[in-house]
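The chain contents come next:
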Amino acid sequence: MRLVQFTNRRGERRVGAVGADGELRLTTREHTVYDLAQAAISSGISLDEVVSGQLGDEREDYDAIVAEGRILPPLDHPEPARFLITGTGLTHLGSADARDRMHDLAHGPEAEMTDSMKIFRMGLDGGKPAEGEIGVQPEWFFKGVGTCVVPPEAPLPLPSFALAGGEEAEIVGLYLIGPDGTPWRLGFAIGNEFSDQVTEAQNYLYLAHSKLRACSFGPEMLVGTLPQNVEGRIQILRDGASIWQGEFLSGEANMSHSIQNLEHYHFRYEMFRRPGDLHAYFFGAAILSCANGVTTVAGDVFEIDVPVFGRPLRNAMISSEPVTVKVRQL
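Residues numbered from 1 in each chain as written. Predicted model: local features only at pLDDT ≥ 70, side-chain atom pairs only at ≥ 80, totals over all residues. Heavy atoms only, no water.

A short note on the packing of aromatic side chains
Phase 1: Overall, the coordinates contain 7 aromatic pairs when judged by the stated rule.
Phase 2: Taking the centre distance of 6.3 Å and the plane angle of 85° together, the rings of F83 and F217 count as edge-to-face. Note that F83 is positioned in strand β6 (residues 83–87) and F217 in strand β12 (residues 215–217), a separation of 134 residues in sequence.
Phase 3: When its relative accessible area of 2% is taken as the criterion, F83 is described as buried.
Phase 4: When its relative accessible area of 0% is taken as the criterion, F217 is described as buried.
Phase 5: Taken together, the aromatic side chains of W140, Y269 and F272 make up a single cluster linked through ring pairs.
Phase 6: Here K211 stacks its cationic end above the ring of F141, 4.3 Å away from the centre of that ring.
Phase 7: A cation over an aromatic ring shows up here: R311 above the ring of Y62, its NZ or CZ 4.2 Å from the ring centre. (Phe/Tyr/Trp six-rings, centres within 6.5 Å; stacked < 30°, edge-to-face > 60°. Helix = DSSP H or I, 4+ residues; strand = E, 2+ residues; numbered from the N terminus. Buried < 20%, exposed > 50% of the residue type's maximum accessible area, 1.4 Å probe, protein only. Lys NZ or Arg CZ within 6 Å of the ring centre and 35° of its normal.)

Dropping the structure here:
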């Protein structure tokens, strides 16, 4: 089952399940995925069962929703500050190679082994522990809160201070914290974590600054388990023509960490188990266009196509005007 959130032509929020014909079949009672998930937890049944029990005869044209700019992220919170956006990296078998290429571009190929490669090798050795055991901890970063999530098809703002803006195609785990503090995994989506890899390549300690806050995921949420092997393609379009494309592999079969190990190290913090909060956790990118010599410019469109997640995620990159912030003494 794949779920979509959108607004209808009256401005009302709705949830639809994607049908085999591409149409959306709408839920009849709860009109947000957040409310559907809350209903599933309180009823003691799966999200799939709650949605299936609410699907009525009402349908919407998916293509029209996208064309008219009415698509929303597949999960959001009524209080955006309670939607925590975080992520990890160096979790894929191809990710360390991309990071090392970034490092070579900034410091030359003769530089000593990077901290990125050291962390990656730690993950290879201990990122997939046996059942009941705890593996090595991954890299981790805080991206922002729900206000930084850009809907699918909407533009990703490139700050004036950024040295670059590049896609990071990643699977995103989506979670709701239950009333007793239990993290419930609702499903997965494809995401563009969007970062300034030039700043990151200067020094690994700039990782936090390289995370440009804005990101996008969707348009669909895959309910249920993630396939072991996930295949996708990234394409960068400029003036309607492709300037670069690359294929990538994800899913646990192609990762150095298990999903369970990543989740353990995120949700071990009590503050990340606050009842009613949502979490979007980016699981890391396998390939990067910047590591293949691509320099993006304003107006470029990032397209991430992963068939298991349905419709591709598309966002254009736009330039933001410089902002001067002055702190005043109170």
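More follows now that the structure is in view.
Remarks on the sheet that holds strand β18 (residues 313–319)
Phase 1: The strand order across the open sheet formed by 5 strands is β9-β18-β17-β14-β15, and the pairing between neighbours is mixed. Edge strands, defined here as strands with exactly one partner in the open sheet, are β9 (156–158) and β15 (241–250). Each strand of the sheet is rotated relative to its neighbour by a mean of 20°, with strand direction disregarded.
Phase 2: Sheet analysis places β9 next to β18, joined by 3 bridges and oriented parallel. Within β18, the residue paired with P157 across the bridge is I318. (Pairing = 2+ DSSP bridges. Axes fitted to C-alpha atoms, helices over the stretch in contact; angles between N-to-C directions.)

Some points on the pattern of salt bridges
Phase 1: Per the counting criterion, the structure on display carries 17 salt bridges.
Phase 2: We note a salt bridge from R2 to E220, for which the minimum N-O separation is 2.4 Å. Of the two residues, R2 sits in strand β1 (residues 2–7) while E220 sits in the loop between β12 and β13 (221–223), which places them 218 residues apart along the sequence.
Phase 3: Residue classification places E220 among the buried positions, given a relative accessible area of 1%.
Phase 4: The closest approach of N and O atoms between K211 and E193, which form a salt bridge, is 2.9 Å. (Salt bridge = Lys/Arg side-chain N within 4 Å of Asp/Glu carboxyl O.)

Examining the nonpolar core
Across soluble globular proteins, you tend to see nonpolar side chains buried next to one another.
Phase 1: Judged by nonpolar contacts, the single largest core of 38 residues is most densely connected at I171, I190, F194, F248, F283 and F309.
Phase 2: The residues touching I190, leaving out its near neighbours within four places in the chain, are E170, I171, V172, F217, G218, F248, I304, V306, F309 and L313.
Phase 3: With 31 residues, the next largest nonpolar core counts A17, V33, A40 and I41 among its residues. (Core = buried A, V, L, I, M, F, W, Y, C linked by side-chain atoms within 4.5 Å. Contact = heavy atoms within 4.5 Å.)

Focus: the environment of T295
Phase 1: The residue T295 is located in the loop between β16 (278–285) and β17 (301–305) in this model.
Phase 2: Taking the relative accessible area as the measure of exposure, T295 reaches 62% and is therefore exposed.
Phase 3: It is 10.0 Å that separates the C-alpha atoms of T295 and I243, two residues lying 52 residues apart in sequence.

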